[in-house]
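In case you want the letters, here they are:
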Amino acid sequence: MKTNKIFISGDEAAAYGVKLCRPHVIAAYPITPQTITVERLSEMVEKGEMDGEYMHVESEHSAISVCMGASSVGARTFTASSSQGLLYMAEGLHYASGGRYPIVMMNANRSVALPWSIYGDHRDSLSLLDCGWIQVYVEDAQEALDMMIQAYRIAEHKDVLTPMMVNLDGFILTHTYELVEIPDQQKVDEFLPAFVTPNKMSFEEPKNLAFSSKPDDNTEFKYQQNQAVLKSIDVIKEVDQEFEATFGRKYHDMVEEYRCEDAEVVLVAIGSVCGTVRVVVDKLREEGMKVGLLKIRFMRPFPEQEVKDLAKRVKAIGVIDKDISFGYEGTVYTNVNSAISKVENYVYKSNFIGGLGGRDITKAEIEDMFHKLYAGLDKSREEKVEFFSLNVETNE
Amino acid sequence: MNKVLDIPRVNAKNMTDKEFFYGHKACAGCGGSIAVRLALKVLGERTYTALPAGCMSAVGFIFPQMAFNSNAIITTFPGAASMASGIAMGAKALGQKDFKTVVFAGDGGTADIGFQALSGMIDRNDDVLYICYDNEAYMNTGIQKSGLTPYGTQTTTTPAGKNLPGTLTHKKNLFEIIAAHDIAYAATASIGYPQDYLNKVNKAKHTKGASFIHVYASCPTGWGTPTETSVEIAKDAVDCGLIFLAEYEDGEFKLNRNPKEFASIPDYLKKQARFKHLSDQDIEIITEHRDKKWSRMRKHWL
Ligand SMILES: Cc1ncc(C[n+]2csc(CCOP(=O)(O)OP(=O)(O)O)c2C)c(N)n1
Ligand code: SF4
Ligand SMILES: [Mg+2]
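Conventions we followed
- Residues numbered from 1 in each chain as written.
- Chains lettered and ligands numbered in written order.
- Predicted model: local features only at pLDDT ≥ 70, side-chain atom pairs only at ≥ 80, totals over all residues.
- Heavy atoms only, no water.
- Domains from an automatic or database assignment.
- Contact = heavy atoms within 4.5 Å.
- Buried area = accessible area lost by both parts, 1.4 Å probe.
- Salt bridge = Lys/Arg side-chain N within 4 Å of Asp/Glu carboxyl O.
- Polar contact = N/O pair within 3.5 Å; in protein donor to acceptor, adjacent residues only side chain to side chain.
- Helix = DSSP H or I, 4+ residues; strand = E, 2+ residues; numbered from the N terminus.
- Nonpolar A, V, L, I, M, F, W, Y, C, P; charged D, E, K, R; others polar.
- Pairing = 2+ DSSP bridges.
- Right-handed = clockwise from strand over helix to strand, strands pointing away.
- UniProt positions renumbered as here; feature names shortened; annotations may be inferred.
- Axes fitted to C-alpha atoms, helices over the stretch in contact; angles between N-to-C directions.
- Near = heavy atom within 4 Å.
- Areas by Shrake-Rupley, 256 points an atom, 1.4 Å probe, with all protein chains shown as cover.

1. As for the domain arrangement of chain A
All names here are of chain A. By domain assignment, chain A separates into domain 1 (5-247) and domain 2 (255-387). Centre-to-centre separation of domain 1 and domain 2, based on C-alpha positions: 28 Å. The partner domain 2 presents 28 residues to the 29 residues of domain 1 that form the contact. Both faces combined, the contact of domain 1 with domain 2 buries some 2100 Å², and carbon together with sulfur accounts for 60% of it. Note that Arg-278 is salt-bridged to Glu-139, the shortest N-O span being 2.6 Å. On the surface where domain 1 and domain 2 come into contact, there are twelve residue pairs in polar contact (both at pLDDT 80 or more). At the level of elements, helix 6 (123-126), strand 6 (134-137), helix 7 (141-156), strand 7 (164-169) and helix 9 (215-247) are the ones that each hand at least two residues to the side of domain 1 that touches domain 2. Of all the elements, helix 9 adds the most residues to the side of domain 1 that touches domain 2, at five residues. Residue classes in the side of domain 1 that touches domain 2 are distributed as 16 nonpolar, six polar and seven charged.

Listed below in structure tokens is the structure:
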């Protein structure tokens, strides 16, 4: 097969992916580390490489609002944000999912102020887990590009009609250069047909949209919305299979298991840190330890079945969280734990919180996590939520 | 040059019998609903209407009873202008032609929370007509003060008492703030002067790019006025000079009505429960403010 590989950053890969999807309207507001994506898209529009319109909005709130407006007449839309910008959009995020507008967004995961930090963690998107969007977390630039294409197929599916957020770790992915294959436009056009929806205003069939509901019917609307997000699990699987058949790359739909077949102890993570965990898994495997990685790709809908399947087979599960729900535990852990609680066998669990505000998570730290999970197996360590590698004194 | 002056005038005879806003739950005598109804008659079928949270969206879209007979959508409270921009651009990108996108937003939705998006919309010159129906308070949430609530108004967040006369600030100078964007067309209007309003909507309809109308729209519930006097009160406000009729076009301001003598301010105020408490001194402050404004307008806009 002829390949077309170029050396680009994660942000640029996302832009190339979006371009191939031919959105009608792009509306975004700059914020580090998302900026390169919107700069590249602006250049593509300027050069005439893209037919879409780029709207220079004055804020993220308007960016999501413009996307909703364009989507409400049947246009394909794209926006991108990060951190403070994503939070500024929050009202619109709920509005877009409730209105069932299949907007696709790139979010460059970044810490949330205060203290200010432009570097990466997952506190921005995870704090908006309940806003009704499908959330996927990618591991490298190629996945970022490919997921843009998959995202439109998933979001615009008639049974789903739900917006989708593609999350890329700030700097670690957005600003790191990799060789990325750019798919053929004709193949993308075949894979991703034009957006057709009954959920739009038109002069042939005028509609009143985005209405109010009474207590009598609000729950029913929300039930249907939840069903649609649950239904996307099947769609995600179908789309990934078809993507593999068309483009030759596969992302293992909801989760990817790495060396988990006979594993006793598994670390669960989202995003780019999975790459480091893989390296550590390989090393420890060589030393004879039965360890593995569960890369969670989709946080919403949540891969409950996949986590349960794993929990039935293993003895200990650790969860890395680059976030903290203050006063409790990491959000990925809370979700994983809920799934684990539904299996009958006992699994030792622990939560490792760190990598906040851009701090690197090292191989040594990950190796240490595996050792702590083994310590849990011989009862020399309690289950716990632990901030790892702290530089302040703790009284724990 | 803006060619909008050549368009035929709208009047009761040549206006459509079709209704685009009916069966809604607005209070009897609601001035906002009159502003929406009349404008949609001028704009016609090929219109996308966007309304932020506020009375007009609250009374028009109660599922399953939809009150708009043409395309309409509720936006977030701060996002009316930006959603309308998206509609206009999305429809254009899909190849649609000969249509108008219109916003009907309250005074709060326009001069306060929605102002950033509105400023962006005008700055980009998006093809949207933005109509602010001004009932001088946040009515939908129960009559709270907005940036367009005039001095002395009693609202639920500016109660008048021994220490305060109600609202302490004057109305934001919205029309001139909008004009300062160098917008292609902006106007003020009142539902008390419907013919003037209709023709301003018609001008805006034929303006390419962003246009803006600030229409004074009485609210019997929030103002404490009899429901049958809504149009009359909106006319009184213009006649006493507290509300003015003007246009901004091709970079020039124009005063449409310049009465030799103003009708009485106290007569206008005393008809409304929201002003009942005002002292002579308060009325003096209001009158002075009016006179200053008019001397400025007469000097520069005639
Ligand atoms: C972000 C946000 N803040 C507050 C509200 C509550 N809210 C809804 S309508 C409204 C007042 C609307 O006032 P105005 O724009 O003047 O329109 P009116 O109701 O007077 O017609 C308020 C405060 C909201 N819906 N969204
Ligand atoms: S409260 Fe005022 S603006 Fe709201 S519907 Fe009633 S009359 Fe109209
Ligand atoms: Mg109001």
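2. A closer look at the pairing of strand 3 (residues 53-56) of chain A
All names here are of chain A. Two elements, strand 2 (residues 25-28) and strand 3, share four bridges in a ladder whose sense is parallel. Bridging across to strand 3, Val-25 finds its partner in Glu-53. For the crossover that starts at strand 2, traverses helix 2 (residues 35-46) and ends in the parallel strand 3, the hand is right-handed.

3. A few points about the interface of chain B and chain A
On the chain A side, the residues contacting the 39 residues of chain B number 38 residues. Taking both sides of the interface into account, the surface hidden between chain B and chain A amounts to around 3100 Å²; carbon and sulfur atoms contribute 64%. Connecting chain B to chain A are two salt bridges. One salt bridge connects B:Arg124 with A:Glu58, and the closest N-O pair in it is separated by 3.4 Å. Looking at the side of chain B that touches chain A, the elements with two or more residues in it are strand 1 (47-51), strand 2 (61-62), strand 4 (71-74), helix 3 (80-93) and helix 5 (115-123) of chain B. Ranked by the residues each element gives to the side of chain B that touches chain A, the list is headed by helix 3 of chain B, at ten residues. Within the side of chain B that touches chain A, the residues separate by chemical class into 21 nonpolar, 13 polar and five charged. Direction of pairing for strand 9 (residues 208-209) of chain A relative to strand 4 of chain B: parallel, over a ladder of two bridges. Within the sheet, the bridge partner assigned to A:Asn208 lies in strand 4 of chain B and is B:Ala72.

4. Re the UniProt feature "domain: Thiamine pyrophosphate enzyme TPP-binding" (unreviewed entry) in chain B
The sites that UniProt annotates as "domain: Thiamine pyrophosphate enzyme TPP-binding" (unreviewed entry) are residues 53-215 of chain B. Span residues 53-215 of chain B is 33% helix and 20% strand, its end C-alpha atoms 18 Å apart.

5. Notes on the sheet that holds strand 14 (residues 316-321) of chain A
All names here are of chain A. Spatially, the six strands line up as an open sheet ordered 10-12-11-14-15-16, and their pairing is mixed. The open sheet has two edge strands with one neighbour each: strand 10 (255-258) and strand 16 (385-387). In this sheet, neighbouring strand axes are inclined to one another by 20° on average, regardless of whether the strands run parallel or antiparallel. Strand direction decides the pairing type here: strand 10 and strand 12 (residues 291-296), joined by four bridges, are antiparallel. Note that in strand 12 the partner of Val-255 across the bridge is Ile-296. Those strands touched by helix 11 (residues 304-311) are strand 10, strand 11 (265-269), strand 12 and strand 14, and its axis lies near 170° from that of strand 12. Its contacts with the sheet place helix 13 (residues 363-377) against strand 11, strand 12, strand 14, strand 15 (348-353) and strand 16, and it is angled at close to 130° to strand 11.

6. Re the site of ligand 1
Of all residues adjacent to ligand 1, which total 17 residues, the nearest are B:Gly109, B:Tyr133, B:Ala137, B:Met139 and B:Asn140. With respect to ligand 1, the chains having nearby residues are chains A and B. Contact between ligand 1 and B:Cys55: an oxygen atom at 3.0 Å from a main-chain N or O atom of the residue. Separating an oxygen atom of ligand 1 from a backbone N or O atom of B:Gly108 is a distance of 3.0 Å. Notes on ligand 1: free accessible area 580 Å², of which the protein chains cover 77%. Considering each element in turn, the shell around ligand 1 owes the most residues, three residues, to helix 4 (residues 107-112) of chain B. Its residues placed into classes, the shell around ligand 1 shows eight nonpolar, seven polar and two charged.

7. Here we look at the sheet that holds strand 7 of chain A
Residues and elements named next belong to chain A. If you trace the seven strands from one edge of the open sheet to the other, you get 3-2-4-5-7-6-13, paired in mixed fashion. Single-partner strands in this sheet number two, and they are strand 3 and strand 13 (298-300). In this sheet, neighbouring strand axes are inclined to one another by 20° on average, regardless of whether the strands run parallel or antiparallel. On top of the sheet, helix 7 reaches strand 4 (77-81), strand 5 (104-109), strand 6, strand 7 and strand 13; it is set at about 170° to strand 7, its chief contact.

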